[in-house]
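Chain and residue survey
Residues per chain are reported as follows:
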Amino acid sequence: MSGPSEPPGDGGGGAAATGRDPGLQPERTRLAWRRTTLSCTVAAILAARAALHGGTDTLGVLGAALCFLAWLGFLAVAHRRIRDLALHEAGPPAMTRRAAVVAVACSVALAAFAALVV
């Protein structure tokens, strides 16, 4: 039995014996992905609005389309990661290198396209 100076869970049973207890970390990570997706959505909408505000020219339509494609790529990666976190609460699989590169590339591309449009 655990004494008063011993941390709980070291008494032979409980979370320490059964493995890692993720606590609220998977939920916080899911929420972070959702916030980031919302931020990307707002950035893409504002960039498209700025591109198409003064009328539709070829460069504005191209910029809006590229922002939309970058947003779709990020949305696909984020949705897959959120789903993986929901399905594997105790220990979600590590994010693949490909998914991480796609997420970063889409974020950088969206920022670059938005900057070019403005």
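Residues numbered from 1 in each chain as written. Predicted model: local features only at pLDDT ≥ 70, side-chain atom pairs only at ≥ 80, totals over all residues. Heavy atoms only, no water.

1. Observations regarding the overall build of the protein
Across its full length, the protein holds four helices and zero strands. With 118 residues in all, the protein has 25% of them scored as buried. Counting only carbon and sulfur atoms, one obtains 66% of the accessible surface of the protein, whose full area is about 8,000 Å². (Helix = DSSP H or I, 4+ residues; strand = E, 2+ residues; numbered from the N terminus. Buried < 20%, exposed > 50% of the residue type's maximum accessible area, 1.4 Å probe, protein only. Areas by Shrake-Rupley, 256 points an atom, 1.4 Å probe, with all protein chains shown as cover.)

2. A closer look at the side chain of D84
Note that D84 resides in helix α3 (residues 58–87). Of the residues examined, D84 reaches a relative accessible area of 16% and is grouped as buried. Once residues within four sequence positions are removed from consideration, D84 is found in contact with P92 and P93. (Contact = heavy atoms within 4.5 Å.)

3. Some points on the nonpolar core
In this structure, W33, C40, F74, V77, A103 and L110 are the most contacted members of the largest nonpolar core, which totals 17 residues. Mapped onto this core, the elements with two or more residues apiece are α2 (25–52), α3 and α4 (97–117). Sequence-distant contacts of L110, that is, excluding residues within four places in its chain, are made with C40, A43, A44, C67 and A70. (Core = buried A, V, L, I, M, F, W, Y, C linked by side-chain atoms within 4.5 Å.)

4. Remarks on the packing of α2 against α3
Two elements in contact, α2 and α3, have axes separated by 9 Å at closest approach and are oriented at 170°. If you check the angle between α2 and α3, you find them roughly antiparallel. Looking at the contact of α2 with α3, its residues break down into 19 nonpolar, five polar and three charged. (Axes fitted to C-alpha atoms, helices over the stretch in contact; angles between N-to-C directions. Parallel < 35°, antiparallel > 145°, perpendicular 65-115°, else oblique. Nonpolar A, V, L, I, M, F, W, Y, C, P; charged D, E, K, R; others polar.)

5. What to know about the pattern of salt bridges
All told, the structure shown has one salt bridge when counted by the stated rule. Salt-bridge contacts for R83 lead to D84; the nearest nitrogen and oxygen are separated by 4.0 Å. (Salt bridge = Lys/Arg side-chain N within 4 Å of Asp/Glu carboxyl O.)

6. Observations concerning the packing of α3 against α4
Packed helix pairs are specified by the crossing angle of their axes together with the interaxial distance, meaning the distance between the axes. Packing of α3 against α4 leaves a shortest axis separation of 8 Å and a crossing angle of 155°. The angle between the axes of α3 and α4 places the two elements in the roughly antiparallel class. Crossing of α3 against α4: the hand is left-handed. Each of G63, L66, C67, A70, G73, F74 and V77 in α3 lies in contact with α4, whose residues at this interface are A99, V102, A103, C106, S107, A109, L110, F113, A114 and V117. When its residues are assigned to classes, the contact of α3 with α4 shows 14 nonpolar, three polar and no charged. (Left-handed = near helix turned anticlockwise from the far one by under 90°.)

7. Things to note about the environment of A112
If you trace the backbone, A112 turns up in helix α4. Judged by relative accessible area, which is 35%, A112 ranks as partly exposed.

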